[in-house]
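Below, each chain spelled out in residue letters.
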Amino acid sequence: MKSFVALSLLLSSASALARPAPLVSIPTHDAFFNHLSALCGKAFQGKVVVDNQGPSKFDTAKLVMHVRRCNEKELQIPFHVGEDASRTWIITKTGSGLSLKHDHRHEDGSDDTSTMYGGHTNDAGFNQVQSFPADQYSKELFARLGMAQSITNIWQMYVYDHTFSYRLIREGREFRVDFDLTKPVTPPKAPWGYED
């Protein structure tokens, strides 16, 4: 009998260890993530509405975001600037909030020197708005690349019924692109380094 009980305990503890930990989240992060997920497969054209250091190529190029790949933990959103398909925003549920990363690639698919920078939510945010202050990896990357001004970057994303906005702010810097969600456009080709 003791052997049976011991075996039962061993098997039940083994199955408990094999079960993955739940991915916890809070309602505002879930709502924001779900609003973006609802756009999966669609692309939208945008325009620069604020750039206090412009003009730049963003003012003249066709700007398109494409909510390209979605699952319950991650969203991949390429941001095309004219023919430049080097940028993909990656939003990930981490279990302690949401992470935003900027995956930058060269045309041959190789990583740019400045890639995977971004930030992590440090508060609840709102159903439609989340802020991503620069994380430690990004701060060290910016320092190493001689971009100390970017260490205080905060990226913000807004998703409302008619508009999606991507915003970068820091002291002395503000940049924002608004995308019209009422007029989907033909999705572009895969971003550099990804496959259709």
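Heads up: the structure comes first, above all this text.
Residues numbered from 1 in each chain as written. Predicted model: local features only at pLDDT ≥ 70, side-chain atom pairs only at ≥ 80, totals over all residues. Heavy atoms only, no water.

## Comments concerning the layout of surface pockets
- In this model, the largest pocket occupies a volume close to 470 Å³.
- Contributing to the lining of the largest pocket are 24 residues, with Phe58, His104, Tyr117, Tyr166 and Leu168 lying nearest its centre.
- Of the pockets and cavities examined, the second largest pocket occupies roughly 270 Å³.
- Around the second largest pocket, the lining residues are Lys62, Val64, His80, Gly82, Glu83, Ala85, Thr186, Pro188, Lys189 and Trp192.
- Residue classes in the lining of the second largest pocket are distributed as four nonpolar, three polar and three charged. (1 Å grid on protein atoms, 1.4 Å probe; cavity = no way out; pocket = protein on both sides within 12 Å on 5 of 7 lines; lining within 4 Å. Points joined across faces, edges and corners; volume = space filled by probe spheres on them. Nonpolar A, V, L, I, M, F, W, Y, C, P; charged D, E, K, R; others polar.)

## A short note on the environment of Gln130
- Structurally, Gln130 is set in strand E8 (residues 129-133).
- Linking Gln130 and Phe32, residues 98 residues apart in sequence, is a C-alpha distance of 7.5 Å.
- Every residue in contact with Gln130, bar those within four places of it in the chain, is listed here: Thr28, His29, Phe32, Leu98, Thr121, Asp123, Ala124, Gly125, Trp155, Gln156 and Met157.
- Within polar-contact distance, the side chain of Gln130 engages the backbone oxygen of Ala124 at 3.1 Å. (Helix = DSSP H or I, 4+ residues; strand = E, 2+ residues; numbered from the N terminus. Contact = heavy atoms within 4.5 Å. Polar contact = N/O pair within 3.5 Å; in protein donor to acceptor, adjacent residues only side chain to side chain.)

## Considering helix H2 (residues 27-37)
- Thr28, His29, Ala31, Phe32, Phe33 and Leu36 are the residues of H2 that are buried.
- Contact partners of the buried residues in H2: strand E4 (74-81), strand E5 (84-93), strand E6 (98-104), E8, strand E9 (154-159) and strand E10 (163-170). (Buried < 20%, exposed > 50% of the residue type's maximum accessible area, 1.4 Å probe, protein only.)

## Digging into the side chain of Thr28
- Counting through the fold element by element, Thr28 comes out in helix H2.
- At 2.6 Å, the side chain of Thr28 forms a polar contact with the backbone oxygen of Ala124.
- Leave out the neighbours within four places in its chain, and Thr28 touches Ala124, Gly125, Phe126, Asn127 and Gln130.

## Structural notes on the environment of His80
- Among the secondary structure elements, His80 is positioned in strand E4.
- For His80, a relative accessible area of 7% puts it in the buried group.
- Spatially, the C-alpha atom of His80 lies 12 Å from that of Lys57, the residues being 23 residues apart in sequence.
- Setting aside its immediate chain neighbours within four residues, His80 contacts Lys62, Leu63, Val64, Ala85, Pro188, Lys189 and Pro191.

## So, the pairing of E10
- For E10, a buried count of seven out of eight residues is recorded, marking the element as mostly surrounded by other parts of the structure.
- In terms of strand pairing, E9 meets E10 through six bridges, oriented antiparallel. Within E10, the position partnered with Gln156 by the bridge is Arg167.
- Taking the residues between adjacent antiparallel strands as the criterion, E9 and E10 are bridged by three residues.
- For E10 and strand E11 (residues 173-185), the ladder comprises eight bridges, and the chain directions are antiparallel. Each residue of the ladder has a partner; that of Leu168, found in E11, is Phe175.
- Counted between consecutive antiparallel strands, the loop separating E10 from E11 contains two residues, among which Gly172 sits at a positive phi close to 80 degrees. (Pairing = 2+ DSSP bridges.)

## Quick look at the nonpolar core
- One finds Leu36, Trp89, Trp155, Met157 and Phe164 to be the most contacted residues of the largest nonpolar core, which totals 33 residues.
- Setting aside residues no more than four positions away along its own chain, Phe164 makes contact with Leu36, Met65, Trp89, Met157, Tyr158, Val159, Val177, Asp178, Phe179 and Leu181. (Core = buried A, V, L, I, M, F, W, Y, C linked by side-chain atoms within 4.5 Å.)

## Structural notes on helix H4 (residues 136-144)
- Along H4, the residues that are buried comprise Ser138, Leu141 and Phe142. Seen from one end, H4 has its buried residues packed into an arc of 95 degrees, which puts them on one side.
- On the buried face of H4, the contacting elements are E6, strand E7 (117-120) and E9. (Arc of directions from axis to C-beta.)

## Things to note about the pairing of E5
- Within E5, nine of the ten residues are buried, leaving the element largely enclosed by the surrounding structure.
- Examined bridge by bridge, E4 and E5 share seven bridges and lie antiparallel to one another. Among the inter-strand pairings, Pro78 is bridged to a residue of E5, identified as Thr88.
- Connecting E4 to the antiparallel partner E5 that follows it, the hairpin turn spans two residues, and Gly82 within it adopts a positive phi of roughly 60 degrees.
- Sheet analysis places E5 next to E6, joined by seven bridges and oriented antiparallel. Pairing of Trp89 across the sheet is with His102, part of E6.

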